Protein chains: 2
Amino acid sequence: MSDHKGEDALLVFTPSGKRGRFPLGTPILQAARSLGVDIDSVCGGRAICGRCQVELSEGTFAKHGLTSAPSHLSPLSATEQRYAEKRGLGAGRRLSCQARLMGDVVIDVPPESQVHKQVVRKRAEVRAIALDPATRLYYVEVAEPDMHNPSGDLERLCDALATQWGVSSLSCDLGVIQVLQKALRAGQWAVTVAIHHTERDANRIIAVWPGFHDQICGIAFDIGSTTIAAHLCNLSTGEVLASAGMMNPQIRFGEDLMSRVSYVMMNPGGDAEMTAAMRDAINLLIGQVCEEAAISRDTVMEAVLVGNPVMHHLLLGIDPVELGGAPFALATSGALNLRARELDLHMNPGGRLYILPCIAGHVGADSAAVVLSEGPHLQDENWLIVDVGTNAEIVLGNRQRLLACSSPTGPAFEGAQISSGQRAAPGAIERIRIDPATLEPRYKVIGCDLWSDEPGFAEAVEITGVTGICGSGIIEAVAEMFLAGIVSKDGVIDGALAARSPRIEPQGRTFSYLIKDGEPEIRITQNDIRQIQLAKAALYAGARLLMDTMGIDKVDRITLAGAFGSHIDVKHAMVLGMIPDCPLNRVSSAGNAAGTGARIALLNAGARREIETVVRSIEKVETAIEPRFQEHFVAAMAFPHKTAPYPNLAQVVALPEPKHVGGADEEREGRRRRRRAS
Amino acid sequence: MSDHKGEDALLVFTPSGKRGRFPLGTPILQAARSLGVDIDSVCGGRAICGRCQVELSEGTFAKHGLTSAPSHLSPLSATEQRYAEKRGLGAGRRLSCQARLMGDVVIDVPPESQVHKQVVRKRAEVRAIALDPATRLYYVEVAEPDMHNPSGDLERLCDALATQWGVSSLSCDLGVIQVLQKALRAGQWAVTVAIHHTERDANRIIAVWPGFHDQICGIAFDIGSTTIAAHLCNLSTGEVLASAGMMNPQIRFGEDLMSRVSYVMMNPGGDAEMTAAMRDAINLLIGQVCEEAAISRDTVMEAVLVGNPVMHHLLLGIDPVELGGAPFALATSGALNLRARELDLHMNPGGRLYILPCIAGHVGADSAAVVLSEGPHLQDENWLIVDVGTNAEIVLGNRQRLLACSSPTGPAFEGAQISSGQRAAPGAIERIRIDPATLEPRYKVIGCDLWSDEPGFAEAVEITGVTGICGSGIIEAVAEMFLAGIVSKDGVIDGALAARSPRIEPQGRTFSYLIKDGEPEIRITQNDIRQIQLAKAALYAGARLLMDTMGIDKVDRITLAGAFGSHIDVKHAMVLGMIPDCPLNRVSSAGNAAGTGARIALLNAGARREIETVVRSIEKVETAIEPRFQEHFVAAMAFPHKTAPYPNLAQVVALPEPKHVGGADEEREGRRRRRRAS
């Protein structure tokens, strides 16, 4: 504390609680910096950017022993007045770079004025992310050239950045050097630069604008085998400005990953075609989100991309053939920092890309993004996270230990290779219930809120029709068939029931269940059930293998990630034995966690270092060479299945009594007997 | 020393003299490394590269107290035998990675087996350069992928480089990642990589070849306003493999620098045209030198480029208009590290470029290269280095202090704006002597060894003809005219001599001197002499300004750099007063010192750091705003000139008695009087 009581005043910041005495006349921003209070600024205290806004907390603060009054801050300065007229200043708001301390005050720093503001996430249970992007804007005033001291314009810019912002170890993109002289002169020796801060403490100037430039953006891409999604974010606020998605144009080369890898094997140069198609699609999406947000592509300085290993390699222009067969060697598993132009992506010419690390040949950067989004490495429970697609990527573990594997579920969960299957689109059955007494179904289709037995349903689906059954619908259909006794524990449709219901129809040597007649007929065949059995057994076996490796026989918590995971009904999934037993209220859906992980890496540079470290520590379990995987797989074919008790499920669902009980041999024998009988 | 005398032996290396005792059976290369003896190796001791060859020094070495016998090394190993059969092994030569110590020996490491071998330079007086390029080759054996530990191919390559070579902090170009998997499999898990070592201790893999790859190259470019020269160097040996040069195609946009800058000012987009023309020319030269050396462009991993500021900016794609007027601001003065593809240069796709720093708006990277080549900053004398072209770049100083300026000499020294002037090409007069008694000239032309008064001269020049007079010829002609009394100290052709010789002819109000009649007539006009006076006065004034700034009135040593500087006759230059007085044996020519400096930066990464540091310390003197420059310029118009005594010159040349003596005013008055008289 100063002895000159009349010459300084107490300043308290909320919500941080940081406080100190400062000489009267000290700008609030300067005092905040000296106390380490987090207040944003792009213009460096020149009343241009308006990022440093604060509020005077009026009234008596008994706790702080002081009375805060408007007169304890200097009146609006001329530049502040100009800012208020030009861009508007909320009631009670001041620019902390202009307002000066005139007496004891309590100053509140609103969330949007903090540099490391929290990024809002929709789900309550997930951790908060602080905004701390790799690229930031800096407004600087640069010395004019002087013949007596003939340094380059770039060197004077770097001097200004060091003096005015304390940024050193600077280098500069050639593209910026090429336009720098014009920008400096157009901005009358004031420019805003975007600086990319890399992990090695190297700071790189990657863009320049004349005068004051307010906004830069980034895009998070989730590149799935089927769809590509893009989220445009404001790098200063973390706000999502626009989102867009489109089908992955590679679908024309093959529906699933392996058919695309095969395409490359059969067609030399096919990888280059697919790479070009994917990059074109990404460029189209960049255009779409920029148009939607009404910003220029030049404002996009960063992109983060995630995808499974085949998408990852094709995006990078790497032939994915090695991923098509054992030992499934990735060209690189590490995270990549690239320039946008290296992948021909059309954003700001100095734009930077970050690609998350891959975990293994079957567990890609998308899985790493799921881990980053959910944070299993930050908690102590045995948490099972499953991202269901053509392959299921499975992560299990906690703070001490994380395991990952990929399990070949095949495309059944996506409605492919199912007789009435289709993609999740309007008209597809997504919910189904079967009355155990009558064996009659009722269902809901995507795009309609009514159940099929409710009045007005027929009219409501007149346009879309009822066209097929999507992944989550199949899960429910098979589970309901099991619960209704139509399907046995071993997955056999009970032909004897044909006598009780016309919906049970013979089809060759097996039977099918008719959900809907008319055009088209929608039914579940014996083969559909086999496909679901194969898929769910693979998924369960993968999870089980990780549990074995971890030395546990139950998990504390399950999260289903991906589009499929967010539509699936947990109870039905457990009835089928897709996932291990777990308290049902501890099973949740994470939605597009891979996309969220990409967005986190976009907004927080520290998260990149975090996921790189975590991925290096993840133990990879290869299902293809693990004999126990085959054992679990065979045992998991039954509903729920032979070896796993489901005490939690049993509390909420009345599971039917088994009709066939026995080992794999007995099951095969049973099948043989039934075949002979038909 | 070991107690087990029978189990180790003494090993002495020459020429280093390093010595030690090692267990019998130790490979010589391993012993060398442990002693810090400098032996090269690319293959890491696998008898592939042959870089580690040594010689057994036979006989008794009294000094070392031991007898060296062939039996004191292990016999040729099978792999060594194979190497000798395949690639040849000189008599007495052994691969030090294979030969093992079997008894006391003296081993000689020949120069070509040293990592930091000396780069041979033609001139004896310049310092030696050790070979230490920024990019090096490493042969590695990489672990095959393992499903139980699924790391990427790149990660296993990096592990191998760390283990086998101790290279860490590795990153990798995307272009290498794209081809890595094929290279590893084609090389059966052995590859050679090129690693670029940057100043920040970051190591970047920039190329990969399957198996063992022997050679990488680099090219040093000197980009002059008139010509572009390229020298292809082997980065492993330092050897110049091929050289080529061509006219700078920008000449079609303007002969000199300022006319090219004007072209840009008048033609929007003109800078892009000139940039493209220059890069095309560079690509053509890359092709030429590679063809001459019979190597692939893919072998070229590095290029170093130097040029004056306008060439520097146009090469980089920077509009040079700011260099066309005060304050002559460079876009950047710092050194640049770029990728070849950033400038569209066609070498290895991972090729790297280094561009030396510029000193000031008129003193470019070419001048920095001259400093690097000559090393004035490494010695104590007051050394004046002049690079003569359209502008003269002048450096003065020593270890303590270096000054630089640029002086606008104009194109007269290159034969432009001279009535009979032409470029230095066959047929151009380059030497001339005038008999003071008869005033008759004799001369030599480029492409012919005879003087014009020797028998056979007419026949010898029948093909080329005598077509004009080049820069060095003009210097001699004017100096000889002065020595013969044809031209006064003030630069006036004495019309009175027309009575004595028909070669003195009236031309309007002045006179000219006829060197050769016939087609074409070659003569020196009064205006030619004025042009030479302006040029040499500018050059002298620049040098003098630096001497003033340094506080000295004589220099210890003068070096003339550049093509012009290497053809000029020192004595004649001094007779004209182009350069200050200096002992004539301390005036030398450095030839293409800028090109040599580029070559040094190509072969020695440390030299890059050195010149960057030196350039930052150079004091720039701007002639355009320095009043003393004008004073020196006016005073320096006379031959030699009014204010500077030439005691050293006077010892070797009988300077004519002055006919007109007086100040600038008197000179002007004299001219007026003569004009009235004619």
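My aim in this report is to walk through the structure given alongside it, one point at a time. Predicted model, so just to flag it, every value in this text is computed and none were measured. (Residues numbered from 1 in each chain as written. Chains lettered and ligands numbered in written order. Predicted model: local features only at pLDDT ≥ 70, side-chain atom pairs only at ≥ 80, totals over all residues. Heavy atoms only, no water.)

Focus on the overall build of chain A
Part 1: Within chain A one finds 18 helices and 31 strands.
Part 2: Taking all 678 residues of chain A together, 59% fall into the buried category.
Part 3: Sequence-distant contacts, at least 24 apart, represent 65% of the contacts inside chain A between residues at least 6 apart.
Part 4: Of the roughly 26500 Å² that chain A leaves accessible, carbon and sulfur atoms contribute 52%. (Helix = DSSP H or I, 4+ residues; strand = E, 2+ residues; numbered from the N terminus. Buried < 20%, exposed > 50% of the residue type's maximum accessible area, 1.4 Å probe, protein only. Contact = heavy atoms within 4.5 Å. Areas by Shrake-Rupley, 256 points an atom, 1.4 Å probe, with all protein chains shown as cover.)

Focus: the pairing of strand E2 (residues 19–23) of chain B
Residue and element names in this part refer to chain B.
Part 1: Taking every second residue as pointing to the same face, the buried face of E2 carries Gly20 and Phe22, while none of Arg19, Arg21 and Pro23 on the other face is buried.
Part 2: Two strands pair when backbone bridges link them, and strand E1 (residues 8–14) and E2 are joined in this way by five bridges, in the antiparallel orientation. What sits directly across from Leu10, in E2, is Arg21.
Part 3: Linking two consecutive strands that pair antiparallel, namely E1 and E2, is a turn of four residues; a positive phi of about 80 degrees is found at Gly17 within it. (Pairing = 2+ DSSP bridges.)

Section: the pattern of salt bridges
Part 1: All told, the structure shown has 64 salt bridges over all chains when counted by the stated rule.
Part 2: Among the salt bridges present, the one from Arg399 of chain B reaches Asp380 of chain B, with a minimum N-O distance of 3.0 Å. Of this pair, Arg399 of chain B sits in the loop between strand E21 (392–397) and strand E22 (402–407) while Asp380 of chain B sits in the loop between helix H8 (365–374) and strand E20 (383–388), and the two are 19 residues apart along the sequence.
Part 3: Notably, a salt bridge pairs Arg431 of chain B with Glu476 of chain B, separated by 2.7 Å at the nearest N-O pair. One end of the pair, Arg431 of chain B, is in strand E23 (residues 428–434); the other, Glu476 of chain B, is in helix H10 (residues 471–483), with 45 residues separating them in the sequence.
Part 4: When salt bridges that share partners are traced, they join Asp173, Arg204, Arg339 and Arg352 of chain A together with Glu342 of chain B into one network. (Salt bridge = Lys/Arg side-chain N within 4 Å of Asp/Glu carboxyl O.)

Description of the packing of aromatic side chains
Part 1: Taken as a whole and assessed by the stated rule, the structure comprises twelve aromatic pairs over all chains.
Part 2: Centre to centre, the rings of Phe629 of chain A and Phe633 of chain A are 6.3 Å apart; their planes meet at 25 degrees, and the pair counts as stacked. Placement of the pair is Phe629 of chain A and Phe633 of chain A together in helix H16 (residues 627–635), with a separation of four residues, close to one helical turn.
Part 3: Positioned over the ring face of Trp451 of chain B is Arg442 of chain B, at 4.7 Å from the centre of the ring.
Part 4: Here the basic side chain of Arg557 of chain B rests over the ring of Trp383 of chain B, its NZ or CZ set 3.5 Å away from the ring centre. (Phe/Tyr/Trp six-rings, centres within 6.5 Å; stacked < 30°, edge-to-face > 60°. Lys NZ or Arg CZ within 6 Å of the ring centre and 35° of its normal.)

A short note on the relation of the copies chain B and chain A
Part 1: Rotating chain B by 180 degrees and moving it 0.1 Å along the rotation axis overlays it on chain A with an RMSD of 0.1 Å. In the structure described here, the two chain copies are related by an operation that fits a two-fold rotation axis.
Part 2: A high fraction, 100%, of the interface residues of chain B reappear at the interface in chain A, so the copies pair face to face through one surface. (Least-squares fit on C-alpha atoms with pLDDT ≥ 70 in both.)

A closer look at the state of the cysteines
Part 1: Applying the stated rule across the entire model yields zero disulfides over all chains.
Part 2: Cys43 of chain A carries a free sulfur, and the closest cysteine sulfur to it, the one in Cys49 of chain A, is 3.7 Å from it.
Part 3: Looking at Cys97 of chain B, it has no disulfide partner, and the nearest cysteine sulfur is the one in Cys52 of chain B, 3.8 Å off.
Part 4: With a relative accessible area of 10%, Cys97 of chain B lands in the buried category. (Disulfide = S-S within 2.5 Å.)

Considering the interface of chain B and chain A
Part 1: Listed as interface residues are 46 residues of chain B and, on the opposing side, 46 residues of chain A.
Part 2: Interface area for chain B against chain A, summed over the two sides, is near 3800 Å², with a carbon-plus-sulfur share of 57%.
Part 3: Its largest share of buried area at the contact with chain A, chain B owes to Met147, Leu174 and Gln181 of chain B, together 18% of the area lost on that side.
Part 4: Summed over the shared surface of chain B and chain A, the number is six salt bridges.
Part 5: The salt bridge partner of Glu342 of chain A is Arg339 of chain B, with a shortest N-O separation of 3.3 Å.
Part 6: Where chain B meets chain A, there are 26 residue pairs in polar contact (both at pLDDT 80 or more). (Buried area = accessible area lost by both parts, 1.4 Å probe. Polar contact = N/O pair within 3.5 Å; in protein donor to acceptor, adjacent residues only side chain to side chain.)

Things to note about the pairing of strand E10 (residues 135–141) of chain A
Residue and element names in this part refer to chain A.
Part 1: A large share of E10 lies buried, amounting to six of its seven residues.
Part 2: The pairing of E10 with strand E12 (residues 190–197) spans seven bridges and is classified as antiparallel. Residue Val140 lies in a different strand from E12, and its bridge partner there is Val191.

A look at the packing of helix H5 (residues 257–266) of chain B against helix H6 (residues 270–293) of chain B
When two helices pack together, their arrangement is given by the angle between their axes and by how far apart the axes lie.
All names here are of chain B.
Part 1: Packing of H5 against H6 brings their axes to within 7 Å, and their N-to-C directions diverge by 130 degrees. When the axis of H5 is compared with that of H6, the two are oblique. Here Arg260, Tyr263 and Val264 of H5 come into contact with H6, specifically with Gly270, Asp271, Glu273 and Met274.
Part 2: Each residue belonging to the contact of H5 with H6 can be placed in one class, and the counts come to three nonpolar, one polar and three charged. (Axes fitted to C-alpha atoms, helices over the stretch in contact; angles between N-to-C directions. Parallel < 35°, antiparallel > 145°, perpendicular 65-115°, else oblique. Nonpolar A, V, L, I, M, F, W, Y, C, P; charged D, E, K, R; others polar.)

Some words on the sheet that holds E22 of chain B
All names here are of chain B.
Part 1: Strand order across the open sheet formed by six strands is E30-E29-E20-E21-E22-E31, with mixed pairing between neighbours. A single partner strand is all that each edge strand has here, and the edge strands are strand E30 (587–591) and strand E31 (619–620).
Part 2: Pairing of E20 with E21, which is carried by six bridges, proceeds in the antiparallel orientation. Paired with Trp383 across the strands is Gly397, a residue of E21.
Part 3: Its contacts with the sheet place helix H11 (residues 526–550) against E20, E21 and E22, and it is angled at close to 25 degrees to E21.

Observations regarding the environment of Pro411 of chain A
Residues and elements named next belong to chain A.
Part 1: Structurally, the position occupied by Pro411 is in the loop between strand E22 (402–407) and strand E23 (428–434).
Part 2: Distance in space between the C-alpha atoms of Pro411 and Tyr513 is 21 Å, their sequence separation being 102 residues.
Part 3: Those residues in contact with Pro411 that sit more than four places away from it in its chain are Thr390, Ala416 and Gln417.

Considering unusual backbone geometry
Residues and elements named next belong to chain A.
Part 1: Omega for the bond connecting Thr14 with Pro15 falls within 30 degrees of zero, at 0 degrees, which places this linkage in the cis form.
Part 2: Put simply, Ala326 and Pro327 share a cis peptide bond, and its omega is 0 degrees.
Part 3: Examined against the element boundaries, Pro327 turns out to sit in the loop between helix H7 (309–316) and strand E18 (336–339).
Part 4: Not every positive phi belongs to a glycine, and Ser169 is a case in point at roughly 50 degrees.
Part 5: Relative to the helices and strands, Ser169 resides in the loop between helix H3 (153–165) and strand E11 (170–172).
Part 6: Residues other than glycine seldom take positive phi values, yet Asp344 does so here, at roughly 55 degrees.
Part 7: Mapped onto the fold, Asp344 is located in the loop between E18 and strand E19 (352–355).
Part 8: Of the residues examined, Asp344 reaches a relative accessible area of 45% and is grouped as partly exposed.

Considerations on the sheet that holds strand E25 (residues 468–469) of chain A
Strand pairing within a sheet occurs via backbone hydrogen bonds; the two strands may be parallel or antiparallel.
All names here are of chain A.
Part 1: Judged by pairing direction, the sheet is mixed, and its three strands sit side by side in the order E24-E23-E25 without closing on themselves. For this open sheet the edge positions go to strand E24 (441–445) and E25, each flanked by a neighbour on one side alone.
Part 2: Pairing of E23 with E25 involves two bridges; the strand directions are parallel. Counterpart to Ala428 in the pairing with E25 is Gly468.
Part 3: Against the sheet, helix H10 (residues 471–483) makes contact with E23 and E25, and its axis sits at roughly 15 degrees relative to E23, the strand it touches most.

A short note on the side chain of Asn203 of chain B
Residues and elements named next belong to chain B.
Part 1: With respect to the element layout, Asn203 can be found in strand E13 (residues 203–210).
Part 2: In this structure Asn203 comes out as buried when scored by relative accessible area, which is 11%.
Part 3: Not counting residues up to four positions away in its chain, the partners in contact with Asn203 are Val167, Ser168, Ser169, Leu170, Ser171, Ile195, His196 and His197.

So, the side chain of Ser407 of chain B
Residues and elements named next belong to chain B.
Part 1: Tracing the backbone through its elements, the reader meets Ser407 in strand E22.
Part 2: Polar contacts involving the side chain of Ser407 include one to the main-chain carbonyl oxygen of Ala538, which spans 2.5 Å.
Part 3: If we skip the residues at most four places from it in the chain, Ser407 touches Asn391, Ala392, Ile394, Ala538, Leu539, Gly542 and Phe629.

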